[in-house]
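Chain by chain, the residues:
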Amino acid sequence: MAAIRFRHVSGLKGVATFCLTTGLTVAVADPPLREAPVVWYDDDKRDIPQPASRDPNLMRDALEASFFRPIGRLVNPGRLVRNLGTAFGADHVPPAVNVNTLDEVPNSSWFTNRIGLFPMTAGEAARGPMTVQGPDRSQSWTVISAKTEGVTPGFNIRDAGGDVYVIKFDPPGYSGMATAAGVISGRILHTAGYNVPEDVVVTFRRDELVLAGDVELTLPDGTRRAMTTADLEQILEDVGVSPDGTWRALASKFLKGTPVGPFDWRGTRHDDPNDRVRHEDRRELRGFRMFAAWLCHFDTKQGNTLDMYVEEGGRRFVRHYFIDFASTLGAGALGPFPTACYEYSFDFAAMLERAVALGLNEDPWRRLELPPGLDEVGYFESEIFDPMAFKPLKPNAAFANFTRRDGYWAAKIISAFTDQHLEAIVAEGRYRNPDAARWIAQVLGERRDEIARYWFDVVPPLDFFTYESRFVRFHDLGAERGLYPDMAALYRARVAAATPERRRGRWTDWMELAGQAVDLEAAAARDEIISRPTGEYPFLAVEVQVSRGSDWSPSVTAYVARAGGRVVAVER
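Residues numbered from 1 in each chain as written. Predicted model: local features only at pLDDT ≥ 70, side-chain atom pairs only at ≥ 80, totals over all residues. Heavy atoms only, no water.

**Here we look at the sheet that holds strand 4 (residues 154–158)**
The strands making up a sheet associate through hydrogen bonds between their backbones, and the pairing can be parallel or antiparallel.
Here's step 1: Judged by pairing direction, the sheet is mixed, and its 6 strands sit side by side in the order 6-10-5-4-3-7 without closing on themselves. Two strands in the sheet have a free side with no partner beyond their single neighbour: strand 6 (199–204) and strand 7 (209–211). Sheet twist, expressed as the mean angle between neighbouring strand axes with direction ignored, is 40 degrees.
Here's step 2: Here strand 4 pairs with strand 5 (residues 164–168) via 5 bridges, running antiparallel. By the bridge assignment, Phe155 is partnered in strand 5 with Ile167.
Here's step 3: Of the strands in this sheet, strand 5, strand 6 and strand 10 (247–253) are in contact with helix 4 (residues 177–192), which crosses strand 6 at around 150 degrees.
Here's step 4: Taken strand by strand, helix 5 (residues 229–239) contacts strand 3 (141–147), strand 4, strand 6, strand 7 and strand 10, and its axis lies near 120 degrees from that of strand 4. (Pairing = 2+ DSSP bridges. Helix = DSSP H or I, 4+ residues; strand = E, 2+ residues; numbered from the N terminus. Axes fitted to C-alpha atoms, helices over the stretch in contact; angles between N-to-C directions. Contact = heavy atoms within 4.5 Å.)

Next comes the structure, spelled out in structure tokens:
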């Protein structure tokens, strides 16, 4: 028997979901219009007890992400039904839940609006999350723990100010590649709005390190013993010293609070009452797919996330972080490899395609080449880059729910990064070769434009609607951000009175606009309901389209409250 379930999330968009016992999900309803301030803060920082620490099994996580969850999505009846609608422009899943009436993501413990909504200088972007310049250099660093297992060894240090840092090195033979990528990608993601640690490139000499007296090492057989100076010397020898006698590393400052393990890309954290939205339905996690594509961030496993139980303003709650960006910008734990960002670790579809093609179809990644003379740069390019072809190492549950509106939201933020922003951020990677820095900044800019053009062609970039006197004004982000330099833009609009349930009255005829503003008085002269507001129609629907020399685009509709004169909702 079918049932209608309504779910409302803390003032954000209400979601009406039609559910059958089979798990079918087919309908989503927008909430009624109301003249009220737009929600820009999600109340997810209420005081809660400390959650238990999560320690997911890596093997089980890999199996679930690579096999069981994709198979479940493939046979899910709701997705099968909605997939039929994709031929008519519909999305294969319902829209993201945690968006406000302007289709934006409010600030929360997951995300803080920065460059997407507010101006930022290049210096602010380059500074990123940094509260200090890195480890205090006034005294020696004290090594308080060490990591000898894994691909690359490392250790933790405490500086003179008492702050603790993880010291991470580049893979042997690829000096500068991963450390620069880690810092650059972290600054970009912070500027975009995500929570990241304070990472900085450092160089140091052996005599700047002292070993604490109580450090223990875990041996391969599981036993532990006291760490010696010889052990520290061996770690440094394994990672390799620079010709000038220094070591280059990435110093990542310990996050404030108590770590309680990674977050899953699917579901919610059951011991966190603030975690009310399923993660695969969060816009900022779905949209992260485009940021990962932009940066070639292929290692998006939950092990590269971290939940921290923090105290702020007298409240204790969980804040959600992305960590460890060494596998970005063409770098990797073992060095660069061409299939990164092109295929899953186990990619049955790609293997089947190669088998069927009998070698007649060349995989795109086979055309990749390392840039000559730039040994600090991996397989990071823009010539064959396709944002929708991006694949992380493992299928990602949030990415699987990615919709066109999620894509537009991410592209809008990505396109807000100017060349100056990128150049300033890349400088923080401290490449030895200036040509490497120029290459990375240029490719980031070209990939930025590729992502923005792709999504702005799908969803018209008419945004930031405001009401001023008799005009509803808007911005054309495609034109303002130089993405269509040879295409003159034309705009047209029509207006209708609207009920709170978004039922519209008679539309006016289309009006060609002289600029990016809709004259409501001109519209009122064409329609009596618009000119004489009634209680039944307290809102105006303003539908706008753009043409860049061909057909008119799909519509973007802004709703204006007639009494208070504020834009209360936007539909794409």
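**Focus: the nonpolar core**
Here's step 1: Core analysis: the biggest nonpolar cluster contains 69 residues, and Ile184, Phe291, Trp294 and Leu444 have the highest contact counts within it.
Here's step 2: Elements supplying a minimum of two residues to this core: helix 4, helix 7 (288–295), helix 9 (397–400), helix 10 (404–415), helix 11 (419–427) and helix 12 (434–458).
Here's step 3: Ignoring any residue separated from it by four or fewer positions in sequence, one finds Ile184 in contact with Leu329, Ile425, Val426, Gly429, Tyr431, Ile440 and Leu444. (Core = buried A, V, L, I, M, F, W, Y, C linked by side-chain atoms within 4.5 Å. Buried < 20%, exposed > 50% of the residue type's maximum accessible area, 1.4 Å probe, protein only.)

**A short note on the environment of Leu250**
Here's step 1: With respect to the helices and strands, Leu250 occurs in strand 10.
Here's step 2: A sequence separation of 179 residues divides Leu250 from Gly429, and the C-alpha atoms of the two residues are 9.6 Å apart.

**Some points on the pairing of strand 15 (residues 471–476)**
Here's step 1: A one-sided burial pattern is seen for strand 15, the buried positions being Val472, Phe474 and Asp476 and the unburied ones Phe471, Arg473 and His475.
Here's step 2: Looking at chain direction, strand 14 (residues 462–468) and strand 15 are connected through 5 bridges and run antiparallel. Bridge assignment links Thr466 to a residue of strand 15, and that residue is Arg473.
Here's step 3: Of the strand pairs in this sheet, strand 15 and strand 18 (residues 517–519) are connected by 3 bridges, and their pairing is antiparallel. Looking across to strand 18, one finds that Arg473 is bridged to Ala517.

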